[in-house]
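# Observations on the three-dimensional arrangement
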Amino acid sequence: MNIRPLHDRVLVKRLDSEEKTKGGIIIPDTAKEKPMEGKVVAVGKGTRTEDGKYVALDVKKGDRILFGKWSGTEVKVDGDELLIMKESDIMGIIE
């Protein structure tokens with residue numbers, strides 16, 4: 001199944017969090033926090049201005065991004081857990 005986000009929405013796949021701490025302690029799945037880092041899977045066309053033209057989004061497919069802890073809506077597509085969020089929920093692009 002393919003999903004194409006509408007308007008200023010972005011489809012994001014969370015990146016896996018670290019399995020160990022810097023000191024070497026292994027973190028069990030039950031104690032892990034959901035990562036706030038992800039990869040953009042798809043983007044919408046952008047926002048529409050008053051005269052009907054589209055303003056493209058700043059993020060593009062493939063970008064690594066940071067987003068808020070409670071940002072987006074979780075959806076399951078073909079067994080993958082993804083997030084759909086507005087571009088305004090994205091805090092930055094990791095370069």
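Below is a summary of the structure that appears in this document. (Residues numbered from 1 in each chain as written. Predicted model: local features only at pLDDT ≥ 70, side-chain atom pairs only at ≥ 80, totals over all residues. Heavy atoms only, no water.)

### What about unusual backbone geometry?
For His7, which is not glycine, the phi dihedral falls at a positive 50°. Relative to the helices and strands, His7 is located in the segment before β1 (9-14). For Asp78, which is not a glycine, the phi torsion comes out positive at approximately 50°. Relative to the helices and strands, Asp78 resides in the loop between β6 (73-77) and β7 (80-86). Exposure remark for Asp78: the relative accessible area of 57% places this residue in the exposed category. (Helix = DSSP H or I, 4+ residues; strand = E, 2+ residues; numbered from the N terminus. Buried < 20%, exposed > 50% of the residue type's maximum accessible area, 1.4 Å probe, protein only.)

### With respect to the environment of Glu81
Locating Glu81 in the fold gives a position in strand β7. With a relative accessible area of 52%, Glu81 lands in the exposed category. Spatially, the C-alpha atom of Glu81 lies 9.1 Å from that of Val12, the residues being 69 residues apart in sequence. Each residue touching Glu81, except ones within four places of it in the same chain, is listed here: Glu74, Val75 and Lys76. (Contact = heavy atoms within 4.5 Å.)

### Quick notes on the pattern of salt bridges
In total, this model carries 4 salt bridges according to the counting rule given. Lys86 is the partner of Asp8 in a salt bridge, and the nearest nitrogen-oxygen pair spans 3.6 Å. With Asp8 in the segment before β1 and Lys86 in strand β7, the pair connects residues that are 78 residues apart, well separated along the chain. By relative accessible area, which is 14% here, Asp8 ends up buried. Lys86 gets classed as partly exposed once you look at its relative accessible area, which sits at 34%. Across the pair Asp63 and Lys60 runs a salt bridge whose closest N-O atoms are separated by 3.3 Å. What makes Asp63 buried here is its relative accessible area of 11%. (Salt bridge = Lys/Arg side-chain N within 4 Å of Asp/Glu carboxyl O.)

Honestly, it's all geometry; don't read function into it.
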